[in-house]
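Architecture at a glance
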Amino acid sequence: MLQIIGVHGIRQGTSATEESLSRAWQESVDGALAAGRAGGAGSVRITVPSYQGVYPKTATRYMRLGPEAGSAAEDAPIDEDEEEFILRALAAYAPSAVGEEDGSPTAGQTLGNGRLTPRILKRAHAVDRVAGKGVTDRLLWLVREAHGYLRHEETGAAVRAAVRAALVATGARMVIAHSLGSVVFYDMVSRGEVPAATGGEPGVTSLITCGSPLSWLAVRKGVHTTDGPLSVPAGTEWTNLYAPNDPVSRGGGLSHLAVGVTDVKVNNGRLNAHDVRRYLDKPAVAERITKFGRL
């Protein structure tokens, strides 16, 4: 039985148990294996540890622009550090708008009252002008979650501990990481927290990332301590799936930012292109699993 650990996006994990997450991922992967006649369906077990109860729920509220956006009853307050993080993350989507939002907040729009700040609102509207209406709505929840993970050490440590425990318990040497899960696992790699194999070689030798926000400069600065490109240990095969209509990856891969990664472009359609199931059912995933299972 080939054991695989899935590392999910944090927002997904706050509303699902390990059992339901694992079942959903398993169904998608089994379908891909069966469709590809890879012969692996039924011989692969995916375990997706959930972070329910670990990640603060106030940091995972889905934020929308508009008259009722970010009401104090729904959203955690945005402090200056988070404001700067959000601005840096959104800058990649509308670089020409950088600087337009500078200036002092207007009366009634100050930091700390749970609302999107004037600077964020201006950059968010610039993103929608450049990238398409509604893009910022789909991005803000992930940007805030990324900040919550990267800036709150106790939260990040608890999330990484859950993944490490699953790796140790199952002995899995293959990881599939989706969305912010790719940031979590890369952070584990950079910290040396991935358990090594018995002989000291990398414990995880096959990594698949999907819809990764590692292309965001604000995220890379949080998990990468050198000026060089992103990388994983020698002996680890890294495949990154990206979809043209996925707003998180901005329709691009990671090969221009990372050493040794193989980018694979997939078609997830136009709606819900970031959905993990749309990545897991792709032939590229089945091919990598089948190849790894034969090693």
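One can find the structure itself at the top, above this paragraph.
Residues numbered from 1 in each chain as written. Predicted model: local features only at pLDDT ≥ 70, side-chain atom pairs only at ≥ 80, totals over all residues. Heavy atoms only, no water.

1. Remarks on helix α7 (residues 180–191)
For α7, with 12 residues, the first-to-last C-alpha span of 17 Å sits near the 16 Å given by 1.5 Å per residue. Among the 12 residues in α7, 10 count as buried, and that is most of the element. Listing the buried residues of α7 in full gives Leu180, Gly181, Ser182, Val183, Val184, Phe185, Tyr186, Asp187, Met188 and Val189. Where α7 terminates, the next one or two residues include Gly192, which has phi positive at roughly 70°. (Helix = DSSP H or I, 4+ residues; strand = E, 2+ residues; numbered from the N terminus. Expected span 1.5 Å × (residues − 1). Buried < 20%, exposed > 50% of the residue type's maximum accessible area, 1.4 Å probe, protein only.)

2. Here's the deal with the packing of aromatic side chains
The description of an aromatic ring pair uses the distance of the two centres, along with the angle that the planes make with each other. Under the definition given, this model contains two aromatic pairs. Ring plane angle 75° and centroid distance 6.5 Å describe the contact between Tyr93 and Trp216, whose orientation is recorded as edge-to-face. Taken together, the residues span a long stretch of sequence, with Tyr93 in the loop between α3 (80–91) and α4 (118–131) and Trp216 in the loop between β4 (206–210) and α8 (217–223) at a distance of 123 residues. You can call Trp216 buried: its relative accessible area is 0%. Looking at Arg250, its charged tip hangs above the ring of Tyr93, at a distance of 5.5 Å from the centre. (Phe/Tyr/Trp six-rings, centres within 6.5 Å; stacked < 30°, edge-to-face > 60°. Lys NZ or Arg CZ within 6 Å of the ring centre and 35° of its normal.)

3. Side note on the packing of α3 against α4
A pair of packed helices is captured by two measures, namely the crossing angle of their axes and the spacing between those axes. Remark: α3 packs on α4, axes separated minimally by 10 Å, with the N-to-C direction vectors making an angle of 15°. Our classification of the angle between α3 and α4 gives roughly parallel. The hand of the α3/α4 crossing is left-handed. Seen from α3, the contacting residues are Glu83, Glu84, Ile86, Leu87, Arg88, Leu90 and Ala91; seen from α4, they are Arg119, Ile120, Arg123, Ala124 and Val127. Split by residue class, the contact of α3 with α4 holds seven nonpolar, no polar and five charged. (Axes fitted to C-alpha atoms, helices over the stretch in contact; angles between N-to-C directions. Parallel < 35°, antiparallel > 145°, perpendicular 65-115°, else oblique. Left-handed = near helix turned anticlockwise from the far one by under 90°. Contact = heavy atoms within 4.5 Å. Nonpolar A, V, L, I, M, F, W, Y, C, P; charged D, E, K, R; others polar.)

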